[in-house]
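# Tertiary structure, described
So the chains spell out like this:
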Amino acid sequence: MTVPILRTIAELRRQVAAWRTAGETVGLVPTMGALHDGHLSLVRRSRAECKRTVVSIFVNPTQFGPTEDFNRYPRDLAGDAQKLAAVGVDAIFAPEVAEMYPAGASTTVTVAGLTDGLDGPFRPGHFAGVATIVTKLLLQVLPDVGFFGEKDYQQLQVIKRLARDLDIPVRIEGVPTYREPDGLAMSSRNVYLSPAERRIAPALHRVLTGVAAALARGETADQAVAHGKAELTKAGFTKIDYLDAVDAATLKPIERVTGPLRVAAAAWLGTTRLIDNVAVDWPLSLAPEFD
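The following refers to the structure shown. Keep in mind the model is a prediction, meaning the values are calculated, not measured.

## Here's the deal with the packing of helix α8 (residues 203–216) against helix α9 (residues 221–235)
- Put simply, α8 and α9 touch, their axes get as near as 9 Å, and they point 160 degrees apart. Relative to α9, the element α8 lies roughly antiparallel. As for how α8 packs across α9, the hand of that crossing is right-handed. Between α8 and α9, the residues in contact are A203, L204, V207, V211, A214 and L215 and A221, A224, V225, G228, E231, L232 and A235, respectively.
- Split into classes, the residues belonging to the contact of α8 with α9 amount to 11 nonpolar, one polar and one charged.

See below:
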């Protein structure tokens with residue numbers, strides 16, 4: 001099976017219109033390529049819920065800061081197309097930068113509040129870039145459902161909010177984080193890890209799970225987070241941007257568990273920045289245990 005690769009918005013809209021005329025539902029999985037099994041889990045969810053699935057592959061320059069890895073971000077369209085053909089994707093949308101950002105483009109989508117904490121202060125402009133490109137993709141495809149991974153939990157909440165606030169008629173569905181057998185969240189950036197760093201990396205998930213369990217047992221956020229940071233440093237992480245316990249809906253910091261929350265972190269191994277998060281559900285009988 002060969003998956004059609006659509007390069008222009010006009011081609012994309014013609015294809016989606018044909019599906020709509022046939023009465024078929026459409027799912028969208030936005031990606032930046034360098035696909036792994038985590039991405040493919042989103043595709044499988046889309047195929048289970050929708051008749052047709054579009055996967056976009058676009059390394060979006062506006063969500064990278066001036067010191068970030070836009071130029072070296074892994075790209076493999078041919079390999080990605082083979083993986084997507086194997087799982088039955090109906091179309092790939094792989095535009096050039098000029099197609100998504102024509103000369104003179106000057107509109108940016110920003111989502112206030114949800115971007116104030118966690119990654120926000122460490123990646124200025126990142127969420128405006130994400131919100132803008134996802135808004136464009138949602139309007140270009142107008143899918144019934146958009147599928148996004150919970151690994152980027154803050155991003156997921158931002159996208160849910162923009163779809164609601166801008167009255168975009170799409171359901172945004174979060175899909176649980178897909179992990180390696182040792183617990184490391186799958187990410188395209190994992191290829192940057194050296195063998196020694198890769199052995200350390202699963203400690204991020206273990207520590208977050210431990211912090212979540214401590215909160216569920218009644219520890220304060222200050223206590224649990226301080227212990228978690230010490231454990232990450234002990235494991236070999238070279239820098240911790242943040243480790244926070246936040247309300248699952250508002251992303252505001254919490255002190256004790258009074259409802260659903262997320263324990264989220266961004267930490268560095270050498271030159272590679274890893275992010276992850278763990279849920280503490282409500283009621284607390286559903287809270288995670290230590291690995």
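## Considering the packing of aromatic side chains
- Applying the stated rule across the entire model yields four aromatic pairs.
- Here the aromatic rings of F64 and Y73 are separated by 5.9 Å at their centres, their planes lie at 75 degrees, and the arrangement is edge-to-face. Comparing F64 with Y73, the two get one shared label, buried.
- Look at F122 and Y242: their rings are 5.9 Å apart centre to centre, the planes differ by 35 degrees, and that puts the pair in the tilted class. Here F122, found in the loop between α4 (97–100) and α5 (126–141), pairs with Y242, found in strand β7 (residues 239–247); they are 120 residues apart in sequence, far enough to count as distant.
- Classification of F122 as partly exposed rests on a relative accessible area of 40%.
- With a relative accessible area of 7%, Y242 lands in the buried category.
- Each residue in the set F64, F70 and Y73 is aromatic and connected to the rest through ring pairs, giving one cluster.

## Observations regarding the sheet that holds strand β9 (residues 272–280)
- Read from one edge to the other, the open sheet built from three strands follows the order β7-β8-β9, with strand pairing classed as antiparallel. The sheet is open, and its two borders are formed by β7 and β9, each paired with just one other strand. Adjacent strand axes in the sheet meet at a mean angle of 10 degrees, parallel and antiparallel pairs treated alike.
- Pairing geometry for strand β8 (residues 261–269) and β9, over nine bridges, is antiparallel. When the sheet's bridge partners are listed, A264 is paired in β9 with N277.
- In the packing of α8 onto the sheet, the strands contacted are β7, β8 and β9, and the crossing angle to β9 comes to about 30 degrees.
- Relative to β7, α9 is tilted by about 150 degrees, and along the sheet it contacts β7 and β8.

## What about the sheet that holds strand β5 (residues 145–149)?
- Read from one edge of the open sheet, six strands run β1-β4-β3-β2-β5-β6, paired in parallel fashion. The open sheet has two free edges, formed respectively by β1 (5–6) and β6 (171–175), since each of these has just one partner strand.
- One ladder, built from five bridges, connects β5 with β6; its direction is parallel. From the neighbouring strand, G146 faces β6, where its bridge partner is I172.
- Packed onto the sheet, helix α3 (residues 77–86) meets β1, β3 (52–57) and β4 (91–93) and runs at close to 165 degrees relative to β3.

## Structural notes on the nonpolar core
- Core analysis: the biggest nonpolar cluster contains 42 residues, and F93, L138 and I172 have the highest contact counts within it.
- Of all the secondary-structure elements, those providing two or more residues to this core are α1 (9–21), β2 (26–31), β4, α5, α6 (153–165), β7 and β8.
- Per element, the largest residue contribution to this core is eight residues, and it comes from α5.
- Among all residues touching I172, those that are not within four sequence positions of it are L138, G146, F148, L156, I159, K160 and A163.

## Overview of the side chain of T132
- As for its position among the elements, T132 is in helix α5.
- Discounting chain neighbours no more than four positions away, the residues touching T132 are Y101, T107, T108 and V109.

Parameters at a glance
Along each chain, residues carry numbers from 1 onward, in the same order as the chain's sequence is written. Only residues with pLDDT of at least 70 are given local features in this predicted model, and only at 80 or more are side-chain atom pairs given and counted; all residues enter the totals for whole chains, interfaces and linings. With hydrogens and water set aside, each side-chain value is computed from the structure's full complement of heavy atoms. Fitting a line to C-alpha atoms yields each axis, with helices limited to the stretch in contact; the angle taken between N-to-C directions then spans 0 to 180 degrees. Numbering of helices and strands starts at the N terminus; helices are DSSP runs of H or I of at least 4 residues and strands are runs of E of at least 2. With respect to orientation, any angle under 35 degrees is reported as roughly parallel, any angle over 145 as roughly antiparallel, any angle of 65 to 115 as roughly perpendicular, and every other angle as oblique. Should the near helix be turned anticlockwise from the far one by less than a right angle, the crossing is termed left-handed; should it be turned clockwise, right-handed. Contacts are assigned to residue pairs that have any heavy atoms within 4.5 Å of one another. Each residue is assigned to one class: nonpolar for Ala, Val, Leu, Ile, Met, Phe, Trp, Tyr, Cys and Pro, charged for Asp, Glu, Lys and Arg, and polar for all the others, Gly among them. Any pair of Phe, Tyr and Trp rings, taking the six-membered ring for Trp, is counted once the centres come within 6.5 Å. Such a pair is stacked with planes under 30 degrees apart, edge-to-face with planes over 60 apart, and tilted for the rest. Only protein chains enter the area calculation, which uses a 1.4 Å probe; residues under 20% of their type maximum are buried, those over 50% are exposed, and those in between are partly exposed. Pairing between strands is defined by DSSP: at least two bridges between them are needed. To qualify as a nonpolar core, a set must consist of buried Ala, Val, Leu, Ile, Met, Phe, Trp, Tyr and Cys residues joined through side-chain atoms within 4.5 Å.

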